[in-house]
Amino acid sequence: LTIGNNVKTIGTAAFEGCTSLVDVVIPSSVKRIEDDAFLGCTKLKSLTIPKSVKKIEKNAFGNCDNLTLRVYEKSYAHGYAGKYGIPHEIIKEGE
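Parameters at a glance
- Residues numbered from 1 in each chain as written.
- Predicted model: local features only at pLDDT ≥ 70, side-chain atom pairs only at ≥ 80, totals over all residues.
- Heavy atoms only, no water.
- Helix = DSSP H or I, 4+ residues; strand = E, 2+ residues; numbered from the N terminus.
- Rg over C-alpha atoms; globule rule 2.2 N^0.38 Å.
- Buried < 20%, exposed > 50% of the residue type's maximum accessible area, 1.4 Å probe, protein only.
- Contact = heavy atoms within 4.5 Å.
- Areas by Shrake-Rupley, 256 points an atom, 1.4 Å probe, with all protein chains shown as cover.
- Lys, Arg positive; Asp, Glu negative; His and termini not counted.
- Charge placed at Lys NZ, Arg CZ, Asp CG, Glu CD.
- Polar contact = N/O pair within 3.5 Å; in protein donor to acceptor, adjacent residues only side chain to side chain.

Draft legend 1. Region of interest: the overall build of the protein chain. When helices and strands are tallied, the protein chain shows one helix and seven strands. In the protein chain, the succession of α and β elements from N to C terminus is β-β-β-β-β-β-α-β. For the protein chain, whose C-alpha radius of gyration is 12 Å, the value lies close to the compact-globule estimate of 12 Å for 95 residues. Seen through its principal axes, the protein chain has C-alpha atoms that stretch 30 × 30 × 20 Å. For the protein chain, buried positions account for 42% of its 95 residues. The contacts of the protein chain with a sequence gap of at least 6 include a subset with a gap of at least 24, amounting to 22%. Of the accessible surface of the protein chain, which amounts to about 5,300 Å², a share of 48% is contributed by carbon and sulfur atoms. Treating the 13 positive side-chain charges of the protein chain as one cloud and the 11 negative ones as another, the clouds have centres 5 Å apart.

Draft legend 2. Local environment of the side chain of Ser29. Here Ser29 shows up in the loop between β2 (23-25) and β3 (32-33). At 2.9 Å, the side chain of Ser29 and the backbone oxygen of Asn5 are in polar contact. In terms of polar contacts, Ser29 uses its side chain to reach the backbone carbonyl oxygen of Val7, at 2.6 Å. For Ser29, the contacting residues outside a window of four places in its chain are Gly4, Asn5, Asn6, Val7, Lys8 and Ser52.

Rendered as C-alpha cells:
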C-alpha cells in the first residue's frame, strides 16, 4: 500500500477490515493516526511509523494480532507501542 505524501491524517476507520494489507509504510507527511484506522486488518504484519506522527488514537490497531510496528527510538510511536503492549522493532537512523 502506498499512502500519498500529501496525507496528514489517517482517519477514523480508514483501512478498517482491509484483510489484504500486509505491509504499510506511512509517509513523513502524516502527523496523526485516528481511532480504528487499521482495525481488523488481520493480515497486517508490518507498519512503519515515521517520527512525524505525534498522535495515535488508542484503538488505531485493534484486532491486528500479527502486527509489529516499526518505530524510531524515543518517537511518539515508540512510546505508544510500549504503553499498549504492541510488538515493535526499532528503526535505526538512516534506514
